[in-house]
Amino acid sequence: MKSSAIKEPIKKLRNKYTGCMLGAAIGDALGKQNEGLKRKDILSKGYVKDYGLAPAGCPGENLRSGQFTDDTEQMILLAQSLIECSGFDAADFAARIARWGADALADPVRKKLVGPSSSAAVSRLNSGVSWQESGSIIPSCGSAMRAAPMGLFYSNLDEIEEKAALSSIPTHNSSAAIAGAVAVGLGVRCALDGMECPKIIKECFERSSKYDEGLGKKILYSFDMSDEEPDRAFEKLGTSYLVYETVPSAFYCFSRYFDEPEKAMIEAVNAGGDTDSIACITGALCGARHGMDVFPERWIKGLEKRERIEKIAELIFKRIEESLEE
Ligand SMILES: [Mg+2]
């Protein structure tokens, strides 16, 4: 089955590839300023709309303004593995995660960023446990937050579902975390292909429900909530690091502001709780739908390692472009 992406003008499609990966990194770098804070405390200071430093006590307190966190670092690892292996290779990806994790956990600044599942999995991988056995059963969002490149690299929805599910296992082996990775990978592809919001939600609901019905239903619920004000929606959906909360909250922001990506991102950044991951996922979905040109220039220019991320997105796009020319 060929992707409907072939109907898109090439230039616009390239812009969406870059937009997806930059959007994820921008959301992460903005959202880190509120990571772990309660929504009411965020709102009492005022919405974060620009880069800045995370306050003392946040996991990213020692990061620079415009610097992203572990969410984007892991997304880049996945993208590089896909490019260098010409497809998803679980053993290669797990080895990259193990090396990255050992580095991050030895770094006093970055070690606070690594979540409980990734940290436990990294220790197991580095002590010789196989990738099939190393994943944590905590249903956290670490495999969903990094899954966007699956939707960029593969265009067939069945293939995205299968590979995204597999990509969760080395670190996140709970059914909910697997379902979350499936939803994000698919959401990115459906957004790239220009599907309307109800169709994107239906696709993500049906396919993630195969792995975890609870997560699938909550994605549907997030869409039902898209007419509700953010205070109430985030209270109902939750904003913790659990995949049952981060992924539906990101889909809520994406659905509520389907044609207003800047608003979607700002809402995610200020949701409360796991704001870097909620905004990272929201940013990937928004960038895949709209392309990078919709993001304010200050967000693009102020992002650390912007050129590197653009280059990686271009490399994935090149493969698709070549397949379109065949
Ligand atoms: Mg993070």
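Relevant structure appears above.
Residues numbered from 1 in each chain as written. Predicted model: local features only at pLDDT ≥ 70, side-chain atom pairs only at ≥ 80, totals over all residues.

Looking at the overall build of the protein
Each helix and strand counted, the protein has 16 helices and zero strands in total. A compact globule built from 326 residues should have a C-alpha radius of gyration of about 20 Å, and the protein, at 18 Å, falls within 12% of that. Along the first, second and third principal axes, the C-alpha set of the protein runs to 55 × 45 × 40 Å. Put simply, 73% of the contacts in the protein that link residues at least 6 apart link residues at least 24 apart. (Helix = DSSP H or I, 4+ residues; strand = E, 2+ residues; numbered from the N terminus. Rg over C-alpha atoms; globule rule 2.2 N^0.38 Å. Contact = placed C-beta atoms within 7 Å.)

Overview of helix 3 (residues 70-85)
Spanning 16 residues, helix 3 covers 22 Å between terminal C-alpha atoms, matching the ideal 22 Å at 1.5 Å per step. Those residues of helix 3 that sit buried are Asp 70, Asp 71, Thr 72, Glu 73, Gln 74, Met 75, Ile 76, Leu 78, Ala 79, Ser 81 and Leu 82. A positive backbone phi angle near 55 degrees is found at Ser 86, which sits one or two residues after helix 3. (Expected span 1.5 Å × (residues − 1). Buried ≥ 20, exposed ≤ 12 C-beta atoms within 10 Å, placed from the backbone.)

Concerning the nonpolar core
Within soluble globular proteins, side chains that are nonpolar tend to cluster in buried spots. Among the nonpolar cores identified, the biggest contains 98 residues, and Ala 144 and Val 247 are the most heavily contacted of them. Element by element, the count of residues in this core is highest for helix 8 (residues 175-192), at 13 residues. With sequence-adjacent residues up to four places away left out, Ala 144 is seen in contact with Ala 177, Gly 180, Ala 181, Ala 183, Val 184, Val 243, Thr 246, Val 247 and Ile 281. (Core = buried A, V, L, I, M, F, W, Y, C linked by C-beta atoms within 7 Å.)

A few points about the packing of helix 4 (residues 90-105) against helix 5 (residues 116-126)
Direction vectors running N to C along helix 4 and helix 5 enclose 110 degrees, while the axes themselves pass 9 Å from each other. Taken together, helix 4 and helix 5 sit at an angle that is classed as roughly perpendicular. Both helix 4 and helix 5 take part in a crossing whose hand is left-handed. Contact with helix 4, carried on its side by Ala 94, Ile 97, Ala 98, Gly 101, Ala 102 and Leu 105, involves Ser 118, Ser 119, Val 122, Leu 125 and Asn 126 of helix 5 and no other residues of that element. (Axes fitted to C-alpha atoms, helices over the stretch in contact; angles between N-to-C directions. Parallel < 35°, antiparallel > 145°, perpendicular 65-115°, else oblique. Left-handed = near helix turned anticlockwise from the far one by under 90°.)

Overview of the packing of helix 13 (residues 261-269) against helix 14 (residues 275-290)
It is at 8 Å that the axes of helix 13 and helix 14 come closest, and there the two elements cross at 170 degrees. One finds that helix 13 runs roughly antiparallel with respect to helix 14. Taking contact as the criterion, the partners of Pro 261, Ala 264, Met 265, Ala 268 and Val 269 in helix 13 are, on helix 14, Thr 275, Ile 278, Ala 279, Thr 282, Gly 283, Cys 286 and His 290. Its residues assigned to classes, the contact of helix 13 with helix 14 comprises eight nonpolar, four polar and no charged. (Nonpolar A, V, L, I, M, F, W, Y, C, P; charged D, E, K, R; others polar.)

Structural notes on helix 7 (residues 157-168)
Given a rise of 1.5 Å per residue, 12 residues ought to cover 16 Å, and the 17 Å separating the end C-alpha atoms of helix 7 matches this to within 8%. If you check which residues of helix 7 are buried, you get Ile 160, Glu 161, Lys 163, Ala 164, Ala 165, Ser 167 and Ser 168. Residues of helix 7 that are buried make contact with helix 3, helix 4, helix 6 (148-153), helix 8 and helix 9 (197-209).

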